[in-house]
Amino acid sequence: GIQVEQSPPDLILQEGANSTLRCNFSDSVNNLQWFHQNPWGQLINLFYIPSGTKQNGRLSATTVATERYSLLYISSSQTTDSGVYFCAVELNNNDMRFGAGTRLTVKP
Amino acid sequence: SQTIHQWPATLVQPVGSPLSLECTVEGTSNPNLYWYRQAAGRGLQLLFYSVGIGQISSEVPQNLSASRPQDRQFILSSKKLLLSDSGFYLCAWSVGLENEQFFGPGTRLTVL
(Lines give C-alpha, C1' and ligand atoms only; values in the text may rest on other atoms or scores of the structure.)
Protein backbone atom coordinates (compact mmCIF):
# COMPACT_ATOMS: atom_id res chain seq x y z
CA GLY A 1 0.00 0.00 0.00
CA ILE A 2 0.91 3.66 -0.13
CA GLN A 3 3.57 4.94 2.26
CA VAL A 4 3.28 8.39 3.82
CA GLU A 5 6.46 9.55 5.51
CA GLN A 6 6.84 12.72 7.52
CA SER A 7 10.06 14.34 8.61
CA PRO A 8 11.43 15.21 11.01
CA PRO A 9 9.58 13.11 13.60
CA ASP A 10 10.39 15.64 16.32
CA LEU A 11 11.35 19.29 16.14
CA ILE A 12 12.22 21.73 18.91
CA LEU A 13 12.34 25.42 18.10
CA GLN A 14 12.91 28.64 19.90
CA GLU A 15 10.03 31.09 19.62
CA GLY A 16 10.43 33.23 16.53
CA ALA A 17 12.28 30.63 14.48
CA ASN A 18 11.14 29.31 11.10
CA SER A 19 10.70 25.64 10.17
CA THR A 20 9.88 23.34 7.28
CA LEU A 21 8.02 20.07 7.67
CA ARG A 22 8.06 17.51 4.90
CA CYS A 23 5.61 14.85 3.73
CA ASN A 24 6.63 12.25 1.12
CA PHE A 25 4.16 9.81 -0.38
CA SER A 26 4.90 6.78 -2.49
CA ASP A 27 2.07 6.84 -5.05
CA SER A 28 -0.28 9.19 -6.86
CA VAL A 29 -2.98 10.66 -4.67
CA ASN A 30 -6.26 12.49 -5.19
CA ASN A 31 -5.64 15.13 -2.57
CA LEU A 32 -3.52 16.06 0.43
CA GLN A 33 -4.34 17.78 3.69
CA TRP A 34 -2.23 19.19 6.53
CA PHE A 35 -3.59 19.13 10.08
CA HIS A 36 -2.44 20.44 13.45
CA GLN A 37 -3.37 18.34 16.46
CA ASN A 38 -3.42 20.46 19.58
CA PRO A 39 -2.60 19.17 23.09
CA TRP A 40 -6.30 18.36 23.65
CA GLY A 41 -6.38 16.09 20.63
CA GLN A 42 -8.42 18.29 18.33
CA LEU A 43 -7.40 18.03 14.69
CA ILE A 44 -7.45 21.43 13.05
CA ASN A 45 -7.46 21.78 9.28
CA LEU A 46 -4.53 23.81 8.02
CA PHE A 47 -4.50 23.26 4.27
CA TYR A 48 -6.31 21.30 1.63
CA ILE A 49 -3.60 21.27 -1.03
CA PRO A 50 -3.53 18.58 -3.73
CA SER A 51 -1.11 20.75 -5.70
CA GLY A 52 0.39 24.22 -5.78
CA THR A 53 1.05 26.67 -2.97
CA LYS A 54 -1.24 28.23 -0.38
CA GLN A 55 -0.64 30.68 2.43
CA ASN A 56 -2.56 31.43 5.59
CA GLY A 57 -0.90 33.96 7.87
CA ARG A 58 2.40 32.61 9.15
CA LEU A 59 1.78 29.22 7.58
CA SER A 60 2.16 28.18 3.99
CA ALA A 61 2.21 24.87 2.14
CA THR A 62 3.44 23.60 -1.19
CA THR A 63 2.57 20.30 -2.84
CA VAL A 64 4.47 19.01 -5.86
CA ALA A 65 2.25 16.12 -6.86
CA THR A 66 4.46 14.97 -9.74
CA GLU A 67 7.37 14.52 -7.30
CA ARG A 68 5.14 13.16 -4.52
CA TYR A 69 5.93 15.50 -1.68
CA SER A 70 4.45 18.38 0.25
CA LEU A 71 6.07 20.96 2.51
CA LEU A 72 4.58 22.93 5.39
CA TYR A 73 6.34 26.17 6.32
CA ILE A 74 5.92 27.80 9.70
CA SER A 75 7.40 31.25 10.07
CA SER A 76 7.99 33.24 13.25
CA SER A 77 6.89 30.28 15.36
CA GLN A 78 4.89 30.83 18.55
CA THR A 79 4.39 28.59 21.58
CA THR A 80 0.80 28.02 20.45
CA ASP A 81 2.18 26.32 17.32
CA SER A 82 3.26 23.39 19.49
CA GLY A 83 1.58 20.07 18.84
CA VAL A 84 1.66 17.36 16.21
CA TYR A 85 1.43 18.14 12.52
CA PHE A 86 -0.02 15.47 10.25
CA CYS A 87 -0.22 15.18 6.53
CA ALA A 88 -2.89 12.92 5.08
CA VAL A 89 -3.34 11.77 1.51
CA GLU A 90 -6.48 10.52 -0.15
CA LEU A 91 -6.39 7.47 -2.34
CA ASN A 92 -9.37 6.36 -4.37
CA ASN A 93 -12.74 5.68 -2.79
CA ASN A 94 -12.48 7.93 0.28
CA ASP A 95 -9.45 6.06 1.64
CA MET A 96 -7.39 8.57 3.65
CA ARG A 97 -3.89 7.67 4.87
CA PHE A 98 -2.08 9.63 7.54
CA GLY A 99 1.62 10.03 8.15
CA ALA A 100 3.04 9.40 11.61
CA GLY A 101 3.27 13.13 12.27
CA THR A 102 5.90 15.68 13.27
CA ARG A 103 5.86 16.65 16.94
CA LEU A 104 6.72 20.34 17.22
CA THR A 105 7.72 21.99 20.48
CA VAL A 106 8.17 25.76 20.48
CA LYS A 107 9.99 27.07 23.53
CA PRO A 108 9.51 30.62 24.85
CA SER B 1 -21.90 26.59 9.43
CA GLN B 2 -21.17 22.92 9.93
CA THR B 3 -20.40 21.40 13.29
CA ILE B 4 -19.56 17.87 14.35
CA HIS B 5 -20.24 16.40 17.78
CA GLN B 6 -18.89 13.31 19.46
CA TRP B 7 -19.80 11.78 22.78
CA PRO B 8 -18.81 10.83 25.24
CA ALA B 9 -15.56 12.78 25.44
CA THR B 10 -13.91 10.16 27.64
CA LEU B 11 -14.87 6.62 28.52
CA VAL B 12 -13.41 3.92 30.76
CA GLN B 13 -14.78 0.44 30.14
CA PRO B 14 -13.90 -3.06 31.40
CA VAL B 15 -12.72 -5.76 29.03
CA GLY B 16 -15.66 -7.65 27.58
CA SER B 17 -18.17 -4.83 27.95
CA PRO B 18 -20.09 -3.36 24.98
CA LEU B 19 -19.32 -0.04 23.35
CA SER B 20 -21.34 2.63 21.59
CA LEU B 21 -19.79 5.90 20.42
CA GLU B 22 -21.88 8.46 18.63
CA CYS B 23 -21.04 11.11 16.08
CA THR B 24 -23.47 13.64 14.62
CA VAL B 25 -22.99 16.39 12.06
CA GLU B 26 -25.02 19.57 11.77
CA GLY B 27 -25.34 22.07 8.98
CA THR B 28 -24.81 19.82 5.97
CA SER B 29 -26.65 17.13 4.05
CA ASN B 30 -25.45 13.84 2.61
CA PRO B 31 -22.00 13.99 4.21
CA ASN B 32 -19.39 11.28 3.92
CA LEU B 33 -18.66 10.11 7.45
CA TYR B 34 -15.53 8.47 8.84
CA TRP B 35 -14.31 6.75 12.01
CA TYR B 36 -10.59 6.83 12.82
CA ARG B 37 -8.58 5.46 15.72
CA GLN B 38 -5.37 6.98 17.02
CA ALA B 39 -3.15 4.91 19.29
CA ALA B 40 -1.04 6.83 21.81
CA GLY B 41 1.73 8.80 20.09
CA ARG B 42 0.84 7.58 16.63
CA GLY B 43 -0.98 8.60 13.48
CA LEU B 44 -4.61 8.00 12.61
CA GLN B 45 -5.94 4.76 11.17
CA LEU B 46 -9.14 4.78 9.12
CA LEU B 47 -11.61 2.23 10.51
CA PHE B 48 -14.88 2.82 8.63
CA TYR B 49 -16.39 5.24 6.19
CA SER B 50 -19.92 5.77 4.94
CA VAL B 51 -21.20 7.57 1.86
CA GLY B 52 -24.87 7.25 2.80
CA ILE B 53 -27.47 5.81 5.16
CA GLY B 54 -26.87 2.10 5.71
CA GLN B 55 -23.69 2.12 3.56
CA ILE B 56 -20.59 1.15 5.54
CA SER B 57 -17.13 0.29 4.26
CA SER B 58 -14.55 -1.24 6.56
CA GLU B 59 -10.84 -0.65 6.11
CA VAL B 60 -9.42 -3.13 8.60
CA PRO B 61 -10.71 -6.34 10.19
CA GLN B 62 -11.36 -5.76 13.86
CA ASN B 63 -13.55 -6.11 16.88
CA LEU B 64 -15.61 -3.05 15.97
CA SER B 65 -18.59 -2.31 13.76
CA ALA B 66 -20.22 0.86 12.48
CA SER B 67 -23.73 1.88 11.57
CA ARG B 68 -25.36 4.91 9.98
CA PRO B 69 -29.02 4.94 10.96
CA GLN B 70 -29.60 8.55 9.86
CA ASP B 71 -28.03 10.85 7.28
CA ARG B 72 -25.95 12.78 9.82
CA GLN B 73 -25.42 10.13 12.49
CA PHE B 74 -22.57 7.64 12.62
CA ILE B 75 -22.19 5.08 15.42
CA LEU B 76 -19.19 2.96 16.36
CA SER B 77 -19.94 -0.20 18.33
CA SER B 78 -18.47 -3.30 19.84
CA LYS B 79 -20.14 -6.27 21.51
CA LYS B 80 -17.09 -7.12 23.64
CA LEU B 81 -14.21 -4.72 24.14
CA LEU B 82 -10.59 -5.87 24.10
CA LEU B 83 -7.62 -4.18 25.78
CA SER B 84 -6.30 -3.37 22.31
CA ASP B 85 -9.42 -1.28 21.59
CA SER B 86 -8.09 1.49 23.84
CA GLY B 87 -7.31 4.67 21.95
CA PHE B 88 -8.56 8.02 20.74
CA TYR B 89 -11.51 7.71 18.37
CA LEU B 90 -12.17 10.49 15.93
CA CYS B 91 -15.13 11.05 13.66
CA ALA B 92 -14.82 13.14 10.50
CA TRP B 93 -17.07 14.39 7.72
CA SER B 94 -16.65 15.61 4.17
CA VAL B 95 -18.90 16.60 1.29
CA GLY B 96 -18.48 16.59 -2.43
CA LEU B 97 -15.82 15.17 -4.65
CA GLU B 98 -12.96 17.11 -3.06
CA ASN B 99 -13.31 15.11 0.15
CA GLU B 100 -11.71 17.70 2.43
CA GLN B 101 -12.25 16.15 5.85
CA PHE B 102 -13.16 17.92 9.10
CA PHE B 103 -12.77 16.24 12.47
CA GLY B 104 -14.77 16.10 15.67
CA PRO B 105 -13.29 16.54 19.16
CA GLY B 106 -12.77 12.80 19.67
CA THR B 107 -13.52 10.21 22.35
CA ARG B 108 -10.73 8.91 24.53
CA LEU B 109 -11.45 5.25 25.32
CA THR B 110 -9.59 3.28 27.98
CA VAL B 111 -10.29 -0.42 28.28
CA LEU B 112 -9.17 -1.94 31.59
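As shown above, the structure is provided for reference.
Residues numbered from 1 in each chain as written. Chains lettered and ligands numbered in written order. Predicted model: local features only at pLDDT ≥ 70, side-chain atom pairs only at ≥ 80, totals over all residues. Heavy atoms only, no water.

**Structural notes on the overall build of chain A**
And step 1. The helix and strand inventory of chain A stands at 0 helices and 11 strands.
And step 2. When the helices and strands of chain A are read in sequence order from the N terminus, they spell out β-β-β-β-β-β-β-β-β-β-β.
And step 3. For 108 residues, the compact-globule estimate of 2.2 N^0.38 gives 13 Å, and the C-alpha radius of gyration of chain A, at 13 Å, lies within 12% of that figure.
And step 4. Each principal axis of the C-alpha atoms in chain A carries an extent, and together these give about 40 × 25 × 20 Å.
And step 5. Residues classed as buried in chain A amount to 50% of the 108 residues present.
And step 6. In chain A, once contacts between residues fewer than 6 apart in sequence are set aside, the share between residues at least 24 apart is 53%.
And step 7. Of the roughly 5100 Å² that chain A leaves accessible, carbon and sulfur atoms contribute 46%.
And step 8. If the 7 positive side-chain charges of chain A are averaged to one point and the 8 negative ones to another, these points end up 3 Å apart. (Helix = DSSP H or I, 4+ residues; strand = E, 2+ residues; numbered from the N terminus. Rg over C-alpha atoms; globule rule 2.2 N^0.38 Å. Buried < 20%, exposed > 50% of the residue type's maximum accessible area, 1.4 Å probe, protein only. Contact = heavy atoms within 4.5 Å. Areas by Shrake-Rupley, 256 points an atom, 1.4 Å probe, with all protein chains shown as cover. Lys, Arg positive; Asp, Glu negative; His and termini not counted. Charge placed at Lys NZ, Arg CZ, Asp CG, Glu CD.)

**Thoughts on the overall build of chain B**
And step 1. Looking only at helices and strands, chain B has 0 helices and 11 strands in total.
And step 2. Ordered by position from N to C terminus, the α and β elements of chain B give β-β-β-β-β-β-β-β-β-β-β.
And step 3. At 13 Å, chain B has a C-alpha radius of gyration in line with the 13 Å of a compact globule built from 112 residues.
And step 4. Considering only C-alpha atoms, chain B reaches an extent of 40 × 25 × 20 Å along its principal axes.
And step 5. Burial statistics for chain B: of 112 residues in total, 46% are counted as buried.
And step 6. For chain B, the share of sequence-separated contacts (at least 6 apart) that also reach a separation of at least 24 residues comes to 55%.

**Some remarks on the interface of chain B and chain A**
You'll often see interface size given as the accessible area lost when the parts meet.
And step 1. Facing the 23 residues of chain B at the interface are 21 residues of chain A.
And step 2. Summed over both partners, the interface of chain B with chain A comes to about 1600 Å²; 47% of that surface belongs to carbon and sulfur atoms.
And step 3. For the pair chain B and chain A, the interface holds 0 salt bridges.
And step 4. Along the lines of polarity and charge, the residues of the side of chain B that touches chain A split into 11 nonpolar, 7 polar and 5 charged. (Buried area = accessible area lost by both parts, 1.4 Å probe. Salt bridge = Lys/Arg side-chain N within 4 Å of Asp/Glu carboxyl O. Nonpolar A, V, L, I, M, F, W, Y, C, P; charged D, E, K, R; others polar.)

**Observations concerning the side chain of Gln101(B)**
Residue and element names in this part refer to chain B.
And step 1. Topologically, Gln 101 is positioned in the loop between β9 (87-94) and β10 (102-103).
And step 2. Among the residues examined, Gln 101 registers a relative accessible area of 0% and is labelled buried.
And step 3. Only 2.7 Å separates the side chain of Gln 101 from the side chain of Tyr 36, close enough to count as a polar contact. (Polar contact = N/O pair within 3.5 Å; in protein donor to acceptor, adjacent residues only side chain to side chain.)

**Overview of the nonpolar core**
And step 1. With 22 residues, the main nonpolar core has Trp34(A) and Leu72(A) as its most contacted residues.
And step 2. For this core, the secondary structure elements donating two or more residues are β2 (10-14), β3 (19-25), β4 (31-37), β5 (43-48), β7 (59-64), β8 (69-74), β9 (83-90) and β11 (102-107) of chain A. (Core = buried A, V, L, I, M, F, W, Y, C linked by side-chain atoms within 4.5 Å.)

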